[in-house]
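Reading the structure
Residues per chain are reported as follows:
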Amino acid sequence: MIKVGVVGTGFIGPVHVEALRRIGVKVKGVLGSSPEKSRQAAQNIGLERGYSSYAEMLSDPEVAVVHLTSPNRFHREQVLQALEAGKHVVCEKPLGMNTQETKELVAAAQQYPELVTAVNYNLRFYPLCLQAREMVRRGEIGEVFHVKGSYVQDWLLYPTDFNWRVLAEDGGELRAIGDIGTHWLDLVTFITGLEVEEVMADLYTVHPIRQRPPAGSVETFSGKKGSREAATEPVKITTEDYASVLLRFAGGKRGVLTVSQVTAGRKNRIEWEIAGSERALAWNGERPNELWIGERNAANRTLIRDPSLLEGEAAHYTSYPGGHNEGFPDTFKQLYRAVYADIKAGKPSKNPLYATFEDGHKELALCEAILESSKKGKWIKVRY
Ligand code: SOE
């Protein structure tokens, strides 16, 4: 039986654990930022082991797969060690801090062709995003002309909202783009099959000073209503709260993306709209069970997620009958169905639906082009 070790006990580590349980994969234990946190988390979520170190997790012969949900700055080292220990790896996004790291990780993964390596771009597995991809591939929307969309949140709205992600040394030079913008970019390129060739970006740090609370960092999304009053140590912030990016895709197709982590009331809203020569499609993550289909010469339609109405991969990666909503936690479950099918088969499949390390590397190449464009104020070609 395949057993798993999960690194990280914050917001997303337990989401991985829950999703793995739902597909019958046994999670052996977790690793937090201290042995005490590991033990606590293991107890809270009912796992056998709270490891006291990463080395201890890797030397557990029962652990065949490692899920990394640690801060971005640890990914490189943890991935390399896991591969060396012969473990399959599922790494949270972004894969690394920069393309130097992600190139190294792509090369390292190639050294272990029998190991499955994936980046956790879970949004690909919303059934209606898979359906949109299927419709684009079947030519149902015609030629794609342009894409617009956004990913906006509010959990970093106040200068007193603090988390490791706001620090360039922990999360990378780009924050809003790296953290949520790459989700959007991965999703849209996955659906349309179009690679981004050039970008023109404008980044804005709304809060160049944030207040670090007494306890140091704060878990993602744990901001309390009163967090405004918790001001303590002022910290200089260089990562962006907001970004707007113009995109030129392969074949001259156009796009525009807005990203913000300071939009009050938008808890976690991702949306995209794809305009084609025959139809348009639109979707947003707050209403994930509805796909809008725009018509020129007929009434617009809304496709409500229902396995019997979906096609291809979309029909395969959905579990509940129509009217029984599938949401955020389900995307992790569906993603792991795809990843663990490969792990059980004993090797990665050729063009998997899940994001590979190559895909993870592409996102960092995009991040670097976006940063360069914002600094230079001009269009930049993406160097993949
Ligand atoms: C924080 O911005 C975050 O947790 C991201 O890191 C996730 O990828 C996204 O799903 C929700 O927001």
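Residues numbered from 1 in each chain as written. Predicted model: local features only at pLDDT ≥ 70, side-chain atom pairs only at ≥ 80, totals over all residues.

1. Observations concerning the overall build of the chain
Along the chain, the regular secondary structure elements total eleven helices and 17 strands. The C-alpha radius of gyration computed for the chain amounts to 20 Å, which stays within 12% of the reference 21 Å derived for 384 residues, consistent with globular compactness. C-alpha extents for the chain along the principal axes are approximately 65 × 50 × 40 Å. By sequence separation, contacts in the chain at least 24 residues apart represent 69% of the contacts at least 6 residues apart. (Helix = DSSP H or I, 4+ residues; strand = E, 2+ residues; numbered from the N terminus. Rg over C-alpha atoms; globule rule 2.2 N^0.38 Å. Contact = placed C-beta atoms within 7 Å.)

2. Some details on helix 4 (residues 75-84)
Buried within helix 4 we find His75, Arg76, Gln78, Val79 and Ala82. Against the buried residues of helix 4 lie strand 1 (3-7), helix 3 (54-58), strand 4 (63-68), strand 5 (88-91) and helix 5 (99-110). With its phi angle positive at about 80°, Gly86 sits one or two positions after the end of helix 4. (Buried ≥ 20, exposed ≤ 12 C-beta atoms within 10 Å, placed from the backbone.)

3. Description of the site of the ligand
In the vicinity of the ligand, the residues found are Phe11, Gln153, Asp179, Ile180, His183, Thr220 and Asn268. In terms of residue class, the shell around the ligand is built from two nonpolar, four polar and one charged. (Near = placed C-beta within 6 Å. Nonpolar A, V, L, I, M, F, W, Y, C, P; charged D, E, K, R; others polar.)

4. Let's talk about the sheet that holds strand 2 (residues 26-31)
The parallel open sheet is built from six strands, whose spatial order is 3-2-1-4-5-6. If you trace the sheet from one side to the other, it starts and ends with strand 3 (49-50) and strand 6 (117-119), each paired once. As defined by bridge partners, strand 5 adjoins strand 6 across three bridges and the pair is classed as parallel. Looking at the pairing, Val90 lines up with Ala118 of strand 6. (Pairing = 2+ DSSP bridges.)

5. Some thoughts on helix 1 (residues 13-22)
Those residues of helix 1 that sit buried are Gly13, His16, Val17, Ala19 and Leu20. Among the structural elements, strand 1, strand 2, strand 4 and helix 10 (328-345) are those in contact with the buried residues of helix 1. Positive phi appears at Gly24, one or two residues downstream of helix 1, with a value of about 75°.

6. Quick look at the sheet that holds strand 17 (residues 380-381)
An order of 16-15-14-13-7-12-11-8-17 is seen for the nine strands of this open sheet, with the pairing classed as mixed. Whereas interior strands pair on both sides, the edge strands pair on one side only; in this sheet they are strand 16 (301-304) and strand 17. Strand direction decides the pairing type here: strand 7 (residues 144-152) and strand 12 (residues 254-260), joined by seven bridges, are parallel. Note that in strand 12 the partner of Gly149 across the bridge is Leu257. Of the strands in this sheet, strand 7, strand 8 (196-204), strand 11 (242-249), strand 12 and strand 13 (269-276) touch helix 8 (residues 176-192), which is tilted by about 150° from strand 7. (Axes fitted to C-alpha atoms, helices over the stretch in contact; angles between N-to-C directions.)

7. Section: the domain arrangement of the chain
Here the domain parsing of the chain yields domain 1 (3-122) and domain 2 (123-324 + 361-376). Here the C-alpha centroids of domain 1 and domain 2 sit 24 Å apart. On the side of domain 2, 20 residues touch domain 1, which itself brings 17 residues to the contact. Of the residues belonging to the side of domain 1 that touches domain 2, the class tally is seven nonpolar, seven polar and three charged. (Domains from an automatic or database assignment.)

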